[in-house]
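So you can see what is in the structure, the chains are spelled out below.
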Amino acid sequence: MTPLDPMLLPEGLRTRIIPNVNGLAVHVLEAGQAGQPAILLLHGFPELAFSWRKVMPALAAAGYHVIAPDLRGYGRTTGWSAAYDEPLAPFLLTNMVRDQLALLEALGIASVRAVVGHDYGSPVAAWCALIRPDVFTRVALMSSPFAGAPARTSAPDVHAALAALDPPRKHYQWYYAERRAAADMDHPPQGLHAFLRAYYHHKSADWPGNTPFALTGWTAEELAKLPDYYVMPLHATMPEAVAPFMPAGEAPWLTDAELAIYTGEYARTGFAGGLQSYRCGTGGANAAELALFRGCRITVPATFIAGASDWGIHQFPGALAKMQTESCTDFRGLHLIPGAGHWVQQEQPARVAALLRDFVAA
């Protein structure tokens, strides 16, 4: 695998492959100079290291060595397999933490000034900070709140109740864990570019229906208040769920040329690598591992950044409040950015970069 063409990146960003990283060859984007304090940026689903392209130059200009890898299961990072019947152990959150530790070791970095995670990268970043606070000395979580180690009792099974609603619904994470989900998204009827355009638009501040509010509990009736991209029509695929929300044209924060990077990478890799991580969550494999840390909290300075139009902060009722009062002992601030939905570092990169600069400098 070759690195991403530097001509596709903003000025000042570099790209290379780092071998021998916990069994992977990891594709990274970098900005700034080695030897400067490091910031590690972890993307979510369905994204890539490329998702950080607008934030990295500003952080590098502030004097940091900024590193954004394609995570296990994504992009130009290789050495993983995502066949549905293979063991899920490589995609457990604890092994994703090992990936980040091994990457830093390969780069000769003993500790980072901050680890920053967006969407699925947020729980990876949170567990990095909780398990190895000596290495990950600050943590910025984005779009997905951290509620701590799994409780002894699991959340109620709401799936039969969701299916019994009128109209019937299903939770997207459990759909993502189904055998068919990857093929549904790998070969959407509208084409991959159109599917991703509709998906990104539907979860952004550009869609006027994104006016989030807190849910009162993990019940079918409350979860049904979430948009279709979180609690889907029961019989729909994800491409079918977002198709009605296809915008008329490209977005200023994600041009067709930029979207073509995602389209090209996912056309090559498929979505199964990213979906394995959801299966670790919905099937209980992560909970079994992470129960070892029950009672532990994030002790390093922590902050949370999200778009003001991001429903993701409320998709697990109570998590946002618990992060601020229980899961983090040194919580430094909650920042909800106007004019941004779920893709906050792409929709409002200048504001995200400013908040991260202030956080790591404090």
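Residues numbered from 1 in each chain as written. Predicted model: local features only at pLDDT ≥ 70, side-chain atom pairs only at ≥ 80, totals over all residues. Heavy atoms only, no water.

A.B. asks: So what's going on with the packing of aromatic side chains? Which residues, and what values?
C.D. replies: Inspection of every chain in the model, using the stated rule, returns 25 aromatic pairs. Ring geometry for Y120 against Y278: centres 6.2 Å apart, planes inclined by 45 degrees, an arrangement best described as tilted. Note that Y120 is positioned in the loop between β5 (114-118) and α3 (121-131) and Y278 in helix α11 (residues 272-282), a separation of 158 residues in sequence. Here Y120 and Y278 have matching classes, each one buried. Seen from their ring centres, Y199 and Y200 are 6.3 Å apart, and the 75 degrees between their planes marks the pair as edge-to-face. Note on accessibility: Y199 and Y200 belong to one class, buried. Sitting above the plane of the F359 ring, R138 keeps its charged end 5.5 Å from the centroid. (Phe/Tyr/Trp six-rings, centres within 6.5 Å; stacked < 30°, edge-to-face > 60°. Helix = DSSP H or I, 4+ residues; strand = E, 2+ residues; numbered from the N terminus. Buried < 20%, exposed > 50% of the residue type's maximum accessible area, 1.4 Å probe, protein only. Lys NZ or Arg CZ within 6 Å of the ring centre and 35° of its normal.)

A.B. asks: Mind laying out the environment of E30, listing which residues take part and the relevant values?
C.D. replies: Position of E30 among the secondary structure elements: in strand β2 (residues 24-31). Remark: the alpha-carbon pair of E30 and L41, spanning 11 residues in sequence, is separated by 10.0 Å. Apart from the residues lying within four places of it in its own chain, the contact partners of E30 are G12, L13, R14, R16, M56, H65, V66 and I67. Within the structure, the side chain of E30 is placed 2.8 Å from the side chain of H65, a separation counted as a polar contact. (Contact = heavy atoms within 4.5 Å. Polar contact = N/O pair within 3.5 Å; in protein donor to acceptor, adjacent residues only side chain to side chain.)

A.B. asks: Give a detailed account of the packing of helix α7 (residues 192-202) against helix α10 (residues 256-269), specifying residues and quantitative values.
C.D. replies: Closest axis-to-axis distance for the α7/α10 pair is 9 Å, and the angle between their directions is 115 degrees. Taken as a pair, α7 and α10 cross one another with a handedness that is right-handed. Contacts from L192, H193, L196, R197 and Y200 of α7 reach α10 at D256, L259, A260, Y262, T263, Y266 and A267. A per-class count over the contact of α7 with α10 returns eight nonpolar, two polar and two charged. (Axes fitted to C-alpha atoms, helices over the stretch in contact; angles between N-to-C directions. Left-handed = near helix turned anticlockwise from the far one by under 90°. Nonpolar A, V, L, I, M, F, W, Y, C, P; charged D, E, K, R; others polar.)

A.B. asks: Tell me about the sheet that holds β5, and please be specific about residues and values.
C.D. replies: Sheet architecture is open: eight strands sit in the order β1-β2-β4-β3-β5-β6-β9-β10, paired in mixed fashion. At either margin of the open sheet sits one strand with a lone partner, and together these are β1 (14-21) and β10 (331-337). The average undirected angle you get between the axes of adjacent strands in this sheet is 20 degrees. Where strand β6 (residues 139-142) and strand β9 (residues 302-307) come together, four bridges link them in parallel fashion. Residue pairing in the sheet places A140 in a bridge with T303 of β9. (Pairing = 2+ DSSP bridges.)

A.B. asks: Can you explain α11? Please cite residues and give values.
C.D. replies: Across the 11 residues that make up α11, a large majority, nine, are buried. Lining the buried residues of α11 we find α2 (93-106), α5 (172-176), α6 (181-186) and α12 (285-290). Where α11 terminates, the next one or two residues include G284, which has phi positive at roughly 95 degrees.

A.B. asks: Which residues make up the state of the cysteines, and what are the values?
C.D. replies: As enumerated under the stated definition, the model contains zero disulfides in all. The closest cysteine sulfur to the non-disulfide-bonded C280 is located on C128, 15 Å from its own sulfur. Not engaged in a disulfide, the cysteine C296 finds its nearest cysteine sulfur in C328; these two sulfurs lie 13 Å apart. (Disulfide = S-S within 2.5 Å.)

A.B. asks: I'd like to hear about the nonpolar core, residue by residue, with values.
C.D. replies: Nonpolar side chains in soluble globular proteins generally cluster together in the buried interior. In this structure, Y176 and M238 are the most contacted members of the largest nonpolar core, which totals 127 residues. If one sorts the elements of this core by residue count, α3 sits on top with seven residues. Setting aside chain neighbours within four positions, we find M238 in contact with Y172, Y175, Y176, M185, F195, Y199, Y229 and M232. (Core = buried A, V, L, I, M, F, W, Y, C linked by side-chain atoms within 4.5 Å.)

A.B. asks: I'd like to hear about the pattern of salt bridges, residue by residue, with values.
C.D. replies: Applying the stated rule across the entire model yields 13 salt bridges. D99 serves as the salt-bridge partner of R72, at 2.8 Å between the closest nitrogen and oxygen. Linking R72 in the loop between β4 (65-69) and α2 with D99 in helix α2, this pair joins segments that are 27 residues apart in sequence. By relative accessible area, R72 is classed as buried at 6%. For D99, a relative accessible area of 4% corresponds to the buried category. Ionic pairing is found between R179 and D85, a salt bridge with its closest N-O pair at 2.9 Å. Placement of R179 in the loop between α5 and α6 and of D85 in the loop between β4 and α2 is noted, with a sequence separation of 94 residues between them. Taken together, the shared-partner salt bridges in this structure form one network comprising R76, E265 and R268. (Salt bridge = Lys/Arg side-chain N within 4 Å of Asp/Glu carboxyl O.)

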